[in-house]
Structure formats: C-alpha cells, structure tokens
Amino acid sequence: MSSILSLCVPALGATTPLILGRVDAVLCKTRFEKTRDSVQIALAEVLNNVIEHGYRDASAGSVAVNLSDENGVLRIMVTDWGHAYPDHAVPDSTLPDPTEMSEGGYGWFLIKTLMTDVTYERQLGANHLSLRLAV
Amino acid sequence: MELSVDQTPHAQIIRVNASRIDAPIALQFKEDMRALTTEGEGRFVLDLKEVEFIDSSGLGAVVASMKQLRSGQKLELAALQPIVEKVFRLTRMDSVFTIHDTADDAGVDEAN
C-alpha cells in the first residue's frame, strides 16, 4: 500500500471544492487517472454528508482525507469526528423513482454506484468511511 | 450564483455563469430560478455549458426549478459537461428532462 495524498482540513462548504481540486490534481498523475470523475462525484457527496450530518450541531469540524494505492485498487478513507452514522452503518441507498421528481435522496446512491466497495467504522469517537475503487 | 437570460424566438435561454452547482449555492440557485421564471411562458432552456460540476444538492435544485414552474412553462437543459452528464444519467434524471447538445440547438428546435 502506498500513500497518494493525505490531508486534514476544516469541513466547510467552502473547503469542499479545494479538497476535490487537490484530489483531482493528484489523481491525474496516477494510474487512477480514469477514475477522476467518479471520485469527484462520490467524494463530494461524502464531504457534504460530513458537513450536513456529522457536524450538524457544530459551526465547523475537521475532516481527514487519505488516498492510497492498494495493489491497484484506489482506497479513499474519509475520517471525521462528528456524530456517528445512524445505526453505525452505511445508509441504504435506493434510487428515487425519476418520475417522482425527488429533490433529494441521491447522495448515497451515487456513492455506492460509483465505488466498488463502501465500509463504515465508528472508532474512538471518529467516523471512518472507506471507499474502494478497482480500476 | 450568476444567471443571465437571453430571449430567443423559441425559448428563454438561462445561462449559468458558474463552474459548480453544489451544496453551498443550491438554495440560492433554486431561488434565483424561481425569480427568473415568475413571468413568461413556454420554454426555458438552462444552459449548463460553464458548469463542470454538480452534486446531489445541485441536482435537487435543478429538479426543484422544474417543479416550481407554472403551467405553460417548461424547463429543458443544454450543454451537459461530462460530470454533469454522468450525474443525470446515473440518477436517471436524464429521462425526465429534454436535453440538448447546445443552447443554440435548443433555440432552434421547436418544442415537442
């Protein structure tokens, strides 16, 4: 396993594009270049969830993003110190019926559809969400 | 959020002059769209040529913009860039909106 990128920044709406920009710039130079769009979409949803749910009572908190190469599989680990996920599990993700014109409920669907594997762990007051994407 | 409007013979083209429609601006986008569609009838074409990125909040705001239209108004989309196209395709919202390759195409096409 080799580290590609490791950063820890405030989880704010304003920092999300900066995190995504850093990740995109780094992925450009790796064998995961073709996963860039999927990573941008999925990681944006994860970061939004951290801000809207994890730190819903706080003005701000930290989020750590780690990218690594696990024998050809891209692994993205996102850690925050906010509220635990409901039921300590990755939420269900059924795609809303398009004809119902739902204004929400797409986030986890996009994450799970774009990533090969999504796992969640609550440990020592932190949320660890691990995304894997096989090329 | 920067929206500008061009009146063409067949449609009002609403250009999004921003590179992202995401969580921090989704609500403002929805309100700006409401303001722009309080009057007029017929086709509104949302030109997304400049928009490189959309998240689920932005998608929700575009859907809301469609839902808040009055009768006699219609919202279509144009110039979806790769990530935007992917989000609409994966969520199957591309089956709900009429989507044009460019805003110019949309201005020429007659409404179905």
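Everything below is about the structure shown above.
Read on for an overview of the structure. A quick note: this is a predicted structure, and the numbers were derived from the prediction, not measured.

Definitions and cut-offs
- Residues numbered from 1 in each chain as written.
- Chains lettered and ligands numbered in written order.
- Predicted model: local features only at pLDDT ≥ 70, side-chain atom pairs only at ≥ 80, totals over all residues.
- Heavy atoms only, no water.
- Contact = heavy atoms within 4.5 Å.
- Buried area = accessible area lost by both parts, 1.4 Å probe.
- Salt bridge = Lys/Arg side-chain N within 4 Å of Asp/Glu carboxyl O.
- Polar contact = N/O pair within 3.5 Å; in protein donor to acceptor, adjacent residues only side chain to side chain.
- Helix = DSSP H or I, 4+ residues; strand = E, 2+ residues; numbered from the N terminus.
- Phe/Tyr/Trp six-rings, centres within 6.5 Å; stacked < 30°, edge-to-face > 60°.
- Buried < 20%, exposed > 50% of the residue type's maximum accessible area, 1.4 Å probe, protein only.

Considering the interface of chain B and chain A
Note: interface size is frequently given as the accessible area lost on complex formation between the parts. At the junction of the two partners, chain B supplies 25 residues and chain A supplies 22 residues. At the boundary of chain B with chain A, total buried surface from both sides reaches about 1,900 Å², with 69% on carbon and sulfur atoms. Considering only the side of chain B, the residues that lose the most area to chain A are B:Ser56, B:Leu90 and B:Thr91, jointly responsible for 24% of the buried surface there. In this assembly, chain B and chain A are joined by two salt bridges. Notably, a salt bridge pairs A:Glu103 with B:Lys30, separated by 3.5 Å at the nearest N-O pair. Here chain B is connected to chain A by five residue pairs in polar contact (both at pLDDT 80 or more). Only helix H1 (23-36), helix H2 (56-67) and helix H3 (82-90) of chain B provide two or more residues apiece to the side of chain B that touches chain A. Per-element accounting of the side of chain B that touches chain A gives the leading share, eight residues, to H2(B).

Points about unusual backbone geometry
You will see that A:Met101, though not glycine, has its phi angle at about 50°, which is positive. With a phi angle near 65°, B:Arg92 is a residue other than glycine that sits in the positive phi range. Its place among the elements puts B:Arg92 in the loop between H3 and strand E7 (99-100).

Some remarks on the packing of aromatic side chains
Evaluation of the coordinates by the stated rule reveals three aromatic pairs over all chains. Pairing B:Phe88 with B:Phe97 gives two aromatic rings, centres 5.9 Å apart and planes at 80°, and the pair type is edge-to-face. The burial state of B:Phe88 is the same as that of B:Phe97; both residues are buried. Among the aromatic residues, those joined into a cluster by ring pairs are A:Tyr85, A:Trp108 and A:Tyr120.

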